[in-house]
Amino acid sequence: MLPYIQLLNDVLENGQFKGDRTGTGTYSVFGRQVRYDLAEGFPLLTTKKLHIRSILHELLWFLKGETNIQYLSENGVTIWDEWATKEGELGPVYGAQWRSWKGHDGQEYDQVTELIKGLKSNPNSRRHIINGWNVACLPDESKAPDVNAAEGRMALPPCHVLYQFYVCDNKLSASLYIRSNDLFLGNPYNTASLAFLTHMIAQQCDMEVGEIVISIGDCHLYSNHIEQAKIQVQRTPKALPKLKIHRKPESIFDYKFEDFEILDYDPEPHIPAPIAI
């Protein structure tokens, strides 16, 4: 995970202070890219311990097309709690856009199903896309997230906006564009989630895995994460763990948490940091 440590150092050295929606303030750079070869190991951060349960259950929740936090709560995941209504609703966030994007004619489009079909039938296509930026559903920035959700809009706009998949020599690679990236807390989760998703799709399409590429627009450290980032860049990345998937389900939507096992994960201790709300 050396590219991540290099990115942290980049922001620590070159980040410019900016105000932000949360009032916390960030040190920000614009336009960065990192890439990981999945053949070299599973890109799970080793310079601090990550909560794999949260990462994987969130991804399975996206794939279910759900937008209520009940599934997450039942599985001990709290990362969306701060933005939900008292009924647990988040509005048409990622799951809704991935699985039931509404067209102007009222028809719903399942982007994930169409992606799998396209990869199997026409792997050389340049249109293997999942898009989360649905302008019609974006929140009103003058209102609180739970108010937006209650009124049928997204509680928060998507950060990981657009996924593109690419096949060469029967290897599946994935590119993700993130418009705004909390580098200390969010980026390691996004990286692992993208890697999980790429492995799952590759398995469903009888392909090997290639690499993942993450392109970031506003890449930032929150002002209350600076000291934590300085601790982390002093740590030396260890060998990457391996991912084992115990079965091949009938579809991309049938995976369960128990299907995944991370082998040889030996991270440094967790570094606590507050989330900016």
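Residues numbered from 1 in each chain as written. Predicted model: local features only at pLDDT ≥ 70, side-chain atom pairs only at ≥ 80, totals over all residues. Heavy atoms only, no water.

Trainee: Help me understand the sheet that holds strand E1 (residues 16–18) in this model?
Mentor: Picture the strands of a sheet paired through backbone hydrogen bonds; they go either parallel or antiparallel. The sheet built from six strands is open, its strands ordered E1-E2-E8-E7-E6-E5 with mixed pairing. Among the strands making up the open sheet, the edge pair consists of E1 and strand E5 (129–131). Ignoring which end each strand starts from, the neighbouring axes of this sheet average 20° apart. Lying over the sheet, helix H1 (residues 2–14) contacts E1, strand E2 (26–37) and strand E8 (208–222), oriented at roughly 165° with respect to E2. (Pairing = 2+ DSSP bridges. Helix = DSSP H or I, 4+ residues; strand = E, 2+ residues; numbered from the N terminus. Axes fitted to C-alpha atoms, helices over the stretch in contact; angles between N-to-C directions. Contact = heavy atoms within 4.5 Å.)

Trainee: Sorry, what's going on with the packing of helix H2 (residues 52–64) against helix H7 (residues 186–204) here?
Mentor: In helix packing, the relevant descriptors are the interaxial angle and the interaxial distance, both defined with respect to the helix axes. Running from amino to carboxyl end, H2 crosses H7 at an angle of 55°, the nearest separation of the two axes being 10 Å. Comparing their axes, H7 and H2 come out oblique. As H2 runs across H7, the sense of the crossing is right-handed. The segment H2 lies against H7, with Ile52, Ser54, Ile55, Leu56, Leu59, Leu60 and Leu63 engaging Tyr189, Ala192, Ser193, Phe196, Leu197 and Met200. (Parallel < 35°, antiparallel > 145°, perpendicular 65-115°, else oblique. Left-handed = near helix turned anticlockwise from the far one by under 90°.)

Trainee: Is there a simple way to explain the pairing of E2 in this structure?
Mentor: Two faces, one strand: in a regular strand the side chains alternate between the faces of the sheet. Of the pairings in the sheet, the one linking E1 to E2 comprises three bridges and is antiparallel in character. The residue bridging lysine 18 from the neighbouring strand is threonine 26, located in E2. Here E2 pairs with E8 via 11 bridges, running antiparallel. By the bridge assignment for E8, arginine 32 is matched with isoleucine 216.

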